[in-house]
Amino acid sequence: MLCQMPKHHYEGIEVADLPESDAVRKNLIGTGPFKIKNIVPGEMVEMEKYADYWQGEPYLDGVVYKVIDASVATGSLKNGEIDIMQAPSNQYPEIKKLDNVEAIEEPALS
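All values derive from a computational prediction rather than experimental measurement. (Residues numbered from 1 in each chain as written. Predicted model: local features only at pLDDT ≥ 70, side-chain atom pairs only at ≥ 80, totals over all residues. Heavy atoms only, no water.)

**Student:** Before we go on, may I ask you to explain the overall build of the chain in this structure?
**Tutor:** Of regular secondary structure, the chain possesses 4 helices and 3 strands. Reading the helices (α) and strands (β) of the chain from amino to carboxyl end gives α-α-β-β-β-α-α. Taken over C-alpha atoms, the radius of gyration comes to 18 Å for the chain, far larger than the 13 Å a tight globule of 110 residues would show. With the principal axes as the frame, the chain shows a C-alpha extent of 50 × 35 × 30 Å. Restricting to contacts in the chain with at least 6 residues of sequence separation, those with at least 24 account for 9%. (Helix = DSSP H or I, 4+ residues; strand = E, 2+ residues; numbered from the N terminus. Rg over C-alpha atoms; globule rule 2.2 N^0.38 Å. Contact = heavy atoms within 4.5 Å.)

Below you can see the structure in the form of structure tokens.
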């Protein structure tokens with residue numbers, strides 16, 4: 001997969017400094033069918049639909065990515081507070097028993 005990086009957006013930032021730079025962490029230039037609405041570092045990223053996306057307007061109004069503690073993840077899924085998550089394998093047996101969840105097991109990339 002080729003990732004285009006516009007020179008004017010990243011100019012003057014050393015490669016080693018990119019992960020912590022505002023150009024990467026706060027001033028993103030593209031996120032596909034959604035655009036950044038709000039970022040709370042270490043907690044969440046709120047995205048809203050990008051109606052002019054080149055492949056057509058997304059079906060969802062937005063998406064919120066949250067960082068949650070693993071100890072409350074299963075309960076949050078059970079209570080409908082989150083819609084999708086990647087669960088550690090030790091939580092899978094408990095998640096698989098939930099009536100409101102379709103648990104899909106995939107091999108780890110490692």
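What follows picks up the thread again.
**Student:** Just to check I follow, could you spell out the pattern of salt bridges for this structure?
**Tutor:** Oppositely charged side chains are able to pair whenever their charged atoms sit close together. Taken as a whole and assessed by the stated rule, the structure comprises 3 salt bridges. Among the salt bridges present, the one from Asp61 reaches Lys49, with a minimum N-O distance of 3.6 Å. You can see Asp61 sitting in the loop between strand S2 (44-49) and strand S3 (62-66) and its partner Lys49 sitting in strand S2, a full 12 residues away along the chain. Sharing partners across several salt bridges, the network here consists of Lys49, Glu57 and Asp61. (Salt bridge = Lys/Arg side-chain N within 4 Å of Asp/Glu carboxyl O.)

**Student:** Explain the sheet that holds strand S1 (residues 34-40) here, please?
**Tutor:** Strand pairing in a sheet relies on backbone hydrogen bonds, with the paired strands running either antiparallel or parallel. Overall, antiparallel pairing links the 3 strands, which are arranged S1-S2-S3 in an open sheet. The open sheet terminates on both sides in strands that have one partner only, identified here as S1 and S3. Going from strand to strand, the sheet's axes swing by 20° on average, the running direction of each strand aside. Here S2 runs beside S3; their pairing, made up of 5 bridges, is antiparallel. Among the inter-strand pairings, Glu46 is bridged to a residue of S3, identified as Val64. (Pairing = 2+ DSSP bridges. Axes fitted to C-alpha atoms, helices over the stretch in contact; angles between N-to-C directions.)

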